Amino acid sequence: MKKLILTLTILGIVSALSLAFVFEWTTPIIEKHQEVARKEAIMAVLPNSDSYTEVVKDGTTFYEGNKDGEVAMLTSGGGFQGEIELMLGANPSQGKIFAIQVLNHQETPGLGAYITGEDYESNFIDKPFGDYKVVKRPVSNPMEVEAISGATISSTKVTNIIEEAINKMELAYGGGA
């Protein structure tokens, strides 16, 4: 019995040390990849800028592009299955969204996961600031967002995250047009 306990204890210690080593070894690699993805997302949502400056206003980090009042921000909120993280590019003085890019999510594969697709993200290209209505048909005015079929909750959650981000952006930059 003592031999079994000793064997299990040693095995547990070796396993714990191995996991700790792998975690320490992979963490910088993962952080580097996340940083690259963040930079690519910033440039993707700022259509005219070729560089940006990181600025903190009202406790929120913004990425100010070098052209035409372009501003990007990383934002997140709860989705249907878990956290949704996205990059929003806009011009707060004009009250206009340039684009969004969903970076991370845990939405249902084959349904809510379509929030990362161009078809859904294109709902927000050149959209004015405001309160949006998620609809289950093609949009008929700029304040509507077409829901993903079978994933209305995910569509609504992304829209809510964007509206909250717009509010933060307007507070930090003095409001829209």
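Higher on the page you've got the structure.
Just so we're clear, the structure is a prediction, and the values are computed from it rather than from any experiment.

Here is what the cut-offs are and how they apply
- Residues numbered from 1 in each chain as written.
- Predicted model: local features only at pLDDT ≥ 70, side-chain atom pairs only at ≥ 80, totals over all residues.
- Heavy atoms only, no water.
- Patch = residues over 30% accessible without salt bridge, like charges linked within 9 Å, V, L, I, M, F, W, Y side chains within 5 Å.
- Areas by Shrake-Rupley, 256 points an atom, 1.4 Å probe, with all protein chains shown as cover.
- Salt bridge = Lys/Arg side-chain N within 4 Å of Asp/Glu carboxyl O.
- Helix = DSSP H or I, 4+ residues; strand = E, 2+ residues; numbered from the N terminus.
- Pairing = 2+ DSSP bridges.
- Contact = heavy atoms within 4.5 Å.
- Axes fitted to C-alpha atoms, helices over the stretch in contact; angles between N-to-C directions.

## Points about a nonpolar patch on the surface
Together, Met1, Leu4, Ile5, Leu8 and Leu11 make up a nonpolar patch on the protein surface, roughly 570 Å² of accessible area in all. In this structure, Ile5 sits in helix H1 (residues 2-45).

## Comments concerning the pattern of salt bridges
Tallied over the entire structure, the rule returns five salt bridges. The partner of Glu64 in a salt bridge is Lys57, and the shortest N-O contact between them spans 3.9 Å. What you see here is one network of salt bridges that share partners, running through Glu35, Arg38 and Lys39.

## Description of the sheet that holds strand E2 (residues 60-65)
If you walk across this open sheet you meet the six strands as E1-E2-E3-E4-E5-E6, and the pairing is antiparallel. The open sheet has two edge strands with one neighbour each: strand E1 (52-57) and strand E6 (127-128). Here two bridges tie strand E5 (residues 96-104) to E6, and the two strands are oriented antiparallel to one another. Bridge pairing links Ile97 to Lys127 in E6. Running over the sheet, H1 touches E1, E2, strand E3 (71-78), strand E4 (83-91) and E5 and is turned about 155 degrees from E5.

By themselves, these figures tell us nothing about what the structure is for.
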